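Structural features, examined
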Amino acid sequence: MLSGKARAELRRSAFRAKIIDRAIHVVTRARHAFPDAAPDKYGIRLVPDVSYGDRNVREHHLDAYIPKGTPPFPVVLYVHGGAFSMLSKETHRGLAMEFARRGYLVFNIDYRLGAANPFPRPLEDAALALSWVRAQAASFDGDPTRIVLAGESAGGNLALALALLTTTRRPEPFARTTFDGGPPPAAVAVSYPFADLTEFTKLVEDPRLPRWVKAMMFDACSGYLGEGAFDLANMPMLASPLLFLENGTPFERPFPPTFVAAGTRDPLLPQTRRLKAALDQRGVDCDLHIAAGEIHGYDVLTWRSASRAKWE
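Structure report, in brief. (Residues numbered from 1 in each chain as written. Predicted model: local features only at pLDDT ≥ 70, side-chain atom pairs only at ≥ 80, totals over all residues. Heavy atoms only, no water.)

1. A look at unusual backbone geometry
- That bond from proline 71 to proline 72 is cis: its omega, 5°, falls within 30 degrees of zero.
- Tracing the backbone shows proline 72 in the loop between strand E2 (61-66) and strand E3 (73-79).
- Between phenylalanine 119 and the following residue, proline 120, the backbone shows a cis peptide bond with an omega angle of 10°.
- The residue proline 120 is located in the loop between strand E4 (105-109) and helix H3 (121-136) in this model.
- The backbone of aspartate 141 sits at a positive phi, close to 70°, despite the residue not being glycine.
- Of note, aspartate 141 is situated in the loop between H3 and strand E5 (142-152).
- The phi dihedral of serine 153 falls on the positive side, at around 60°, and the residue is not glycine.
- When you line up the elements, serine 153 lands in the loop between E5 and helix H4 (154-167).
- The buried category is assigned to serine 153, whose relative accessible area is 12%. (Helix = DSSP H or I, 4+ residues; strand = E, 2+ residues; numbered from the N terminus. Buried < 20%, exposed > 50% of the residue type's maximum accessible area, 1.4 Å probe, protein only.)

2. Considering the pattern of salt bridges
- Inspection of the entire model under this criterion finds 24 salt bridges.
- The partner of aspartate 125 in a salt bridge is arginine 112, and the shortest N-O contact between them spans 2.9 Å. Taken together, the residues span a long stretch of sequence, with aspartate 125 in helix H3 and arginine 112 in the loop between E4 and H3 at a distance of 13 residues.
- Given the relative accessible area of 18%, arginine 112 is considered buried.
- A salt bridge links glutamate 172 to arginine 170, with the nearest nitrogen and oxygen atoms 2.8 Å apart. (Salt bridge = Lys/Arg side-chain N within 4 Å of Asp/Glu carboxyl O.)

3. Quick notes on helix H2 (residues 93-100)
- For H2, the buried fraction is high: seven of the eight residues fall into the buried class.
- The set of residues buried in H2 consists of Arg93, Leu95, Ala96, Met97, Glu98, Phe99 and Ala100.
- Looking at the buried side of H2, the elements it contacts are helix H1 (4-32), E2, E3, E4, E5 and helix H10 (305-311). (Contact = heavy atoms within 4.5 Å.)

4. What to know about the packing of H3 against H4
- H4 packs onto H3 with a crossing angle of 60° between their chain directions and a minimal axis gap of 10 Å. By the criterion of interaxial angle, the relationship of H3 to H4 is oblique. For the crossing formed where H3 meets H4, the hand is right-handed. Residue-level contacts link Pro122, Leu123, Ala126, Ala127, Leu130 and Arg134 of H3 to Leu158, Ala161, Leu162, Leu165 and Thr166 of H4. (Axes fitted to C-alpha atoms, helices over the stretch in contact; angles between N-to-C directions. Parallel < 35°, antiparallel > 145°, perpendicular 65-115°, else oblique. Left-handed = near helix turned anticlockwise from the far one by under 90°.)

Structure below.
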């Protein structure tokens, strides 16, 4: 049973996430009102709020961004970040459009969030979305044999775990469906993924990190694990896909080529380097991109040279 202090910390985390989430949604909605944010300015056709699962579940929806050009298009299944407890496909419209402007058909998904929806619900939703994309990509002029799993931060965790489900048999029903439903993706592209949640304690005790960064780390851990955030020793392996990759469990299918990026001022840079090392050890083609002086989330700042270089 959790202590009163622990329950209070969970309540503060949920409240903090709610406030930040509302603020970011207000800002992004205002930004979307500018003419240069309109998808059709770039020849992109937006098909919003497509159901990929249970129509009665608000989060089981995605936005499709259909690029200009000659189909069939390579496909990106994008899983947004936000500490597993906030943000949405709406706040990540700009990142989806960055892919679509480069000729990718993008399916930008929502999934269930927060301590009320702990592991494995977000991963179950991502797996359900992948099943839908495999079946429906062609109807949106996409090539289902060229699917990229992409995401950043918490979404990077989910994209990596989802890729693992396509390469390794697991007993969970949603994992079996994912493995049996098709081959691994053509590639994985993740930015500064929070891929090892067991490092939460180490991060919050690091005297070099500001208090607000430590709070965000706690929000991410509690947002994905709920009360399990206070019992990291018994964390499910798939909640920390980096550990899964490091523990040597053999792949039954080859893990896809992977692109990984982070900035040197990102507290998750060490995990990014570990991910590169783990994939190298397993013989997986992995391209590591490190941006000097950049912070967590730098690729959103598309006017900056480091962000433009990352997108190229």
